[in-house]
Amino acid sequence: MGGARHAGWVAAGLVLGAGACYCIYRLMRGQRRGGHGLRLRPSQSAEDLTNGSYDDVLNAEQLQKLLYLLESTEDPVIIERALVTLGNNAAFSANQVIIRELGGIPIVGSKSNDPNHSIKEKALNALNNLSVNVENQIKIKVDPSFLSLYDGHTAKEILLRALTLFQNINNCLKKEGHLASQPTFTKESLFFLLYGEECAQKMRALLNHHDADVKEKVTVIPKNW
């Protein structure tokens, strides 16, 4: 009698345990399917974050992984994907600050000098989003070769993005009232290049560019040159 009762309790325990496991399974399954609970994700590797299907806004830890990947890899496909992901995330004001604080602006900026046109284009896209933040503009540094992007023979896609960067910076400086006060820019800054005589000459030449989109973009940049 005692043995059956014990067996009964054991059986009941097994049933309850199985039921609990099934409930946990259903709960987790519902969360993975996008239910009301938090989605459960495995820890993401840096390369996973560049996957086009990963559309979540990245946090600081993930952005740090991505910047490390961008700095350490030589694979052009991964570099391009990482720049696209960074550029998309740089559209959010909070991430513009995080990327700057992680030292990411010089890393992204260095890719604008890459000989691969597609990488150069993606780097400029990311810089355009980052440059909307005024404090980020101070961190954007091009060595002097940056001005070569404004040559008439530069590929249209790259030239338009370089002009957009100029426009973003110009608009922010104008809004802050810095252009009216004729500020003195340090030689290491992007401002020094963009508001110097060499760039002014390039802008005037681009007014005669054969492409209408380029000429329009140059025209809408306020004439400080």
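Because the structure is predicted, anything quoted here is derived from the model rather than measured.

Now for the overall build of the chain. Scanning the chain from N- to C-terminus turns up 11 helices and 0 strands. Out of the 225 residues in the chain, the part that is buried amounts to 40%. For the chain, the accessible surface area stands at approximately 13000 Å², while carbon and sulfur atoms represent 56% of it.

Within the secondary structure layout, Lys120 lies in helix α6 (residues 117-130). As a C-alpha pair, Lys120 and Val108 span 12 residues in sequence and 9.7 Å in three-dimensional space. Excluding residues within four positions of it along the chain, Lys120 makes contact with Lys111, Ser112, Asn113, Asp114, Leu149 and Ile158. At 3.1 Å, the side chain of Lys120 and the backbone oxygen of Asp114 are in polar contact.

Packed helix pairs are characterised by how far apart their axes lie and by the angle those axes make with each other. Between helix α3 (residues 76-89) and α6, whose axes approach to 8 Å, the crossing angle comes to 20°. Comparing the axis directions of α3 and α6 gives the class roughly parallel. Handedness of the crossing formed by α3 with α6: left-handed. Residues Pro76, Ile79, Glu80, Leu83, Val84 and Gly87 of α3 form the contact with α6, whose participating residues are Ser118, Ile119, Lys122, Ala123, Ala126 and Asn129.

The full count for this structure, using the stated rule, is 3 aromatic pairs. With 5.8 Å between their ring centres and 70° between their planes, Phe146 and Tyr150 make a pair best called edge-to-face. Like Tyr150, Phe146 is buried. Centre to centre, the rings of Tyr150 and Phe166 are 6.3 Å apart; their planes meet at 65°, and the pair counts as edge-to-face. Of the two residues, Tyr150 sits in the loop between α7 (134-139) and α8 (156-176) while Phe166 sits in helix α8, which places them 16 residues apart along the sequence.

Rules used throughout
Residues numbered from 1 in each chain as written. Predicted model: local features only at pLDDT ≥ 70, side-chain atom pairs only at ≥ 80, totals over all residues. Heavy atoms only, no water. Helix = DSSP H or I, 4+ residues; strand = E, 2+ residues; numbered from the N terminus. Buried < 20%, exposed > 50% of the residue type's maximum accessible area, 1.4 Å probe, protein only. Areas by Shrake-Rupley, 256 points an atom, 1.4 Å probe, with all protein chains shown as cover. Contact = heavy atoms within 4.5 Å. Polar contact = N/O pair within 3.5 Å; in protein donor to acceptor, adjacent residues only side chain to side chain. Axes fitted to C-alpha atoms, helices over the stretch in contact; angles between N-to-C directions. Parallel < 35°, antiparallel > 145°, perpendicular 65-115°, else oblique. Left-handed = near helix turned anticlockwise from the far one by under 90°. Phe/Tyr/Trp six-rings, centres within 6.5 Å; stacked < 30°, edge-to-face > 60°.

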